[in-house]
Amino acid sequence: MTRRAAEIRLDALLRTACDVIVERGLANTRTSDVAQAAGVSQALVFYHFATKDRLLAEAFAYAVEQDLARLDAVMRSSAPPLTKLRRIVKLYTPAGRPISWSMWIDGWAESLRTPELEKVSRRLDLRWRQDLATVIAAGVRDGTFQCADPEGAAWRISAVMDGLAVQLAVHDRVISRRQFTEWVRLVTARELGIDPAQLE
C-alpha cells in the first residue's frame, strides 16, 4: 500500500468511524462495526489504530477538527474583535442535526473512563476557550469590550454555551435555538460590557 493510498484509506476510516459513533455512541462502537461499515477487514482497522481507544480518540479528534478548522478561519481573518466574537458564537450554536454536538457530549462522557480520549477532549476543548479569550483580550485592547479578566470571561461564556447546547442537543424542545442565541448574547454582553444587540 502506497503512503498516499494509506492516507486516503485512513481518512475514509475516520469518516466512517464518525458516522458509526454518531449512530451507536462511543461506548457501543466496536472496531468490527467500523470495519463492516467501511467494507474493510478488522485487521486493516488495527493497522491504522493499534487499539479501540486509539480509534475512538482519533475519530473524535477528526470530527472536532472540522469545527476547529472553521474556528481557525475566524481567528485568521482580519475582522475586528466584535465581528470575530459574533462568528464564534454562531459557530458554537448547534444547528440542524447536531452531529458535532452529539460527538462532543459523547466525548466528554466517555472521557471519564478513557484516558486517551480525555487527553484529546481536553486539548480540543481548551482551544475554543483560548481563542475566545484571545478575541476578548483584543477587544479590550481596542476599547470595544470592557473586561478585567478575558480568560475568566471566556470560561464563563463557554460554560453557559456548553450547558445550553447540551440541553438543545439532547432534550427535544426544552429550549429553542432562538432562546439559546438570546441567552448566550445576554451573558456574553454582560461579561464584556456591551449591548446584546451588538452581537446580532
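All figures in this text were calculated on a predicted structure; none of them were measured in a lab.

> Which parts of the structure should I look at to understand the packing of helix α8 (residues 150-170) against helix α9 (residues 177-192)?
How two helices pack is summed up by the angle between their axes together with the distance between the axes. Interhelical geometry of α8 versus α9 gives an angle of 170° and a closest axis separation of 10 Å. Taken together, the axis directions place α8 and α9 in an arrangement best described as roughly antiparallel. In contact with Ala-153, Arg-156, Ile-157, Val-160, Met-161, Leu-164, Ala-165 and Leu-168 of α8, α9 contributes Arg-177, Phe-180, Trp-183, Val-184, Val-187, Thr-188, Glu-191 and Leu-192. Class assignment of the residues belonging to the contact of α8 with α9 gives a composition of 12 nonpolar, one polar and three charged.

> What exactly am I supposed to notice about the environment of Ala-169 here?
Tracing the backbone shows Ala-169 in helix α8. Separated by 75 residues in the primary sequence, Ala-169 and Pro-94 place their C-alpha atoms 7.0 Å from one another.

> What exactly am I supposed to notice about the packing of aromatic side chains here?
The geometry of an aromatic ring pair comes down to the distance between the two centres and the angle between the two planes. All told, the structure shown has three aromatic pairs when counted by the stated rule. With a centroid separation of 5.5 Å and an interplanar angle of 85°, the aromatic rings of Phe-60 and Trp-104 are classed as edge-to-face. Note that Phe-60 is positioned in helix α4 (residues 52-76) and Trp-104 in helix α6 (residues 99-111), a separation of 44 residues in sequence. Using a relative accessible area of 0% as the deciding quantity, one classes Phe-60 as buried. We classify Trp-104 as buried; its relative accessible area is 4%.

> I'm lost on the UniProt feature "DNA-binding region" (unreviewed entry) in the chain in this one. Help?
If you check UniProt for "DNA-binding region" (unreviewed entry), the listed places come out as residues 30-49 in our numbering. A helix fraction of 75% and a strand fraction of 0% characterise residues 30-49, whose end C-alpha atoms lie 12 Å from each other.

> Teacher, can you tell me more about helix α2 (residues 31-38) here?
Residues lying three or four places apart along an α-helix face the same way, a consequence of the helix completing one turn every 3.6 residues. Those residues of α2 lying buried are Thr-31, Asp-33, Val-34 and Ala-35. Gly-39 sits one or two positions beyond α2 and adopts a positive phi of about 70°.

> Explanation requested: the side chain of Asp-131 in the structure shown.
Relative to the elements of secondary structure, Asp-131 occurs in helix α7 (residues 115-141). In this structure Asp-131 comes out as buried when scored by relative accessible area, which is 12%.

The rules we used
Residues numbered from 1 in each chain as written. Predicted model: local features only at pLDDT ≥ 70, side-chain atom pairs only at ≥ 80, totals over all residues. Heavy atoms only, no water. Axes fitted to C-alpha atoms, helices over the stretch in contact; angles between N-to-C directions. Helix = DSSP H or I, 4+ residues; strand = E, 2+ residues; numbered from the N terminus. Parallel < 35°, antiparallel > 145°, perpendicular 65-115°, else oblique. Contact = heavy atoms within 4.5 Å. Nonpolar A, V, L, I, M, F, W, Y, C, P; charged D, E, K, R; others polar. Phe/Tyr/Trp six-rings, centres within 6.5 Å; stacked < 30°, edge-to-face > 60°. Buried < 20%, exposed > 50% of the residue type's maximum accessible area, 1.4 Å probe, protein only. UniProt positions renumbered as here; feature names shortened; annotations may be inferred.

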